[in-house]
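Descriptive structure summary
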Amino acid sequence: MNNEKKGTIYAILAFTFWGLVPIYFKLVSNVDPFEILIHRILWSILFLSLLLFTGKSFESFILILKDSKKLKILFISALLVSVNWLTFIWAIANNKIVEASLGYYINPLISVFLGYIFFNERMTKQQIIAIILAFLAIMYQVYSFGNGNLPIISLILAFSFAFYGLVRKKIQVESISGLLIETLLISPFALIYLAYLIKTNQNAFTIPLDSTSWLLILAGLITIIPLIWFNLATAKISMMKLGFLQYIGPSLSFLLAVVVYNEPLNLNKLITFIMIWVALVIFSVRFKKISVTQ
């Protein structure tokens, strides 16, 4: 199996996982989003360390630690993904899965644009039209609010994850090593806030472990499994293809929100989603033609 096919499989696995992950965050919606973020970081370090020392990533881990330039770039990517995680957790806890899904519908078009700017990936006329249509969808959402407010949650999710993918593709480090260093770089902030929660008796995580505490431990695996797949995919396929495949995630989340969790879907949101879906069709039809000829 060549790298292109491997990358495609990794991307499909990652985005399918992320599409279903609101189920997990609904289970811990009673926990403060910042505490969930803390446990995502700290338990990710534990699980990634186990993978590092039982696998073949230790040498690359040491090499990255010796490269100050890569460490600075990974700190930036760590901040980007942390903003994305926190925003997503807050959105799920506050019954805004539909709005979160909109962000991940917008994100692939930003990824396509970033691929064109930073990696000279060819952009077709259809892809340009798709980006313009997605932009118009956002403008319509602003208009529909009536008071000029932007869909902030959607835009934060879209831009933070698009730029995270850009940074990780640009730096090209081994997946597990890169993820571990990212989480280690932001762990001091997590530990400080955890100490504050414990001191003020606001922590949901308790010993002996109750059901909520076990779920918070799982936050590490929920975090690292799709991110490992995603980072493996970014190294093997183009930003454009990665962006296209990402529509798997928000489509699944959208269905969960409307069908399972009965989130309201008013006419204005539906029009916005339809415009995004049309942009997807315009993008994907051309993309399929390209991939058949390869």
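See the structure shown above.
What you see is a predicted model; the values in this text were computed from it and never measured.

**Description of the overall build of the protein chain**
For the protein chain, the helix and strand inventory stands at 13 helices and 0 strands. Counted from the first residue to the last, the protein chain has its helices and strands arranged as α-α-α-α-α-α-α-α-α-α-α-α-α. Compactness check: the protein chain gives a C-alpha radius of gyration of 19 Å against a globular reference of 19 Å for 294 residues, within 12% of the reference. Seen through its principal axes, the protein chain has C-alpha atoms that stretch 55 × 45 × 30 Å. Within the protein chain, the proportion of its 294 residues that are buried is 51%. Once local pairs closer than 6 in sequence are excluded, the contacts in the protein chain between residues at least 24 apart make up 85%. With an accessible surface of roughly 14100 Å², the protein chain has 69% of that area assigned to carbon and sulfur atoms. Treating the 22 positive side-chain charges of the protein chain as one cloud and the 11 negative ones as another, the clouds have centres 11 Å apart.

**Considerations on the side chain of H39**
Along the chain, H39 falls in helix α3 (residues 33-54). Aside from chain neighbours lying at most four places away, what touches H39 is S44, F205, L216, A219 and G220.

**Details of α3**
For α3, which comprises 22 residues, the first-to-last C-alpha distance of 32 Å matches the rise-based estimate of 32 Å (1.5 Å per residue) to within 8%. The N-cap residue of α3 is D32: its side-chain oxygen and the backbone nitrogen of F34 are 3.1 Å apart.

**A closer look at the pattern of salt bridges**
Tallied over the entire structure, the rule returns 1 salt bridge. Among the ionic pairs, E182 bridges to R168, the shortest N-O distance being 3.1 Å. Taken together, the residues span a long stretch of sequence, with E182 in helix α9 (residues 175-199) and R168 in helix α8 (residues 152-171) at a distance of 14 residues. Considered together, E182 and R168 belong to a single accessibility category, that of buried residues.

**Digging into the packing of helix α5 (residues 68-93) against α8**
Between α5 and α8, whose axes approach to 9 Å, the crossing angle comes to 155 degrees. The orientation of α5 with respect to α8, classified from their angle, is roughly antiparallel. Like other packed secondary-structure pairs, α5 and α8 cross with a definite hand, here left-handed. Between α5, through K70, I73, L74, S77, L80, V81, V83, N84, T87, F88, W90 and A91, and α8, the contact on the second element is made entirely by I153, I156, L157, S160, F161, F163, Y164, V167, R168 and I171. In the contact of α5 with α8, the residues fall into 16 nonpolar, 4 polar and 2 charged.

**Some details on the packing of α9 against helix α10 (residues 211-234)**
Relative orientation of the contacting elements α9 and α10 amounts to 125 degrees, with a least axis distance of 9 Å. By the angle between their directions, the pair α9 and α10 is classed as oblique. By crossing handedness, the relation of α9 to α10 is classed as right-handed. The residues of α10 that touch α9, namely those facing S175, I176 and L179, are I224, L227, I228, N231 and L232.

**A word on the environment of Q126**
Take Q126: it is sitting in helix α7 (residues 125-145). The class for Q126 is partly exposed, based on a relative accessible area of 31%. Residues Q126 and I282 lie 156 residues apart in sequence; the distance between their C-alpha atoms is 5.9 Å.

Each value, and the rule that gives it
- Residues numbered from 1 in each chain as written.
- Predicted model: local features only at pLDDT ≥ 70, side-chain atom pairs only at ≥ 80, totals over all residues.
- Heavy atoms only, no water.
- Helix = DSSP H or I, 4+ residues; strand = E, 2+ residues; numbered from the N terminus.
- Rg over C-alpha atoms; globule rule 2.2 N^0.38 Å.
- Buried < 20%, exposed > 50% of the residue type's maximum accessible area, 1.4 Å probe, protein only.
- Contact = heavy atoms within 4.5 Å.
- Areas by Shrake-Rupley, 256 points an atom, 1.4 Å probe, with all protein chains shown as cover.
- Lys, Arg positive; Asp, Glu negative; His and termini not counted.
- Charge placed at Lys NZ, Arg CZ, Asp CG, Glu CD.
- Expected span 1.5 Å × (residues − 1).
- Polar contact = N/O pair within 3.5 Å; in protein donor to acceptor, adjacent residues only side chain to side chain.
- Salt bridge = Lys/Arg side-chain N within 4 Å of Asp/Glu carboxyl O.
- Axes fitted to C-alpha atoms, helices over the stretch in contact; angles between N-to-C directions.
- Parallel < 35°, antiparallel > 145°, perpendicular 65-115°, else oblique.
- Left-handed = near helix turned anticlockwise from the far one by under 90°.
- Nonpolar A, V, L, I, M, F, W, Y, C, P; charged D, E, K, R; others polar.

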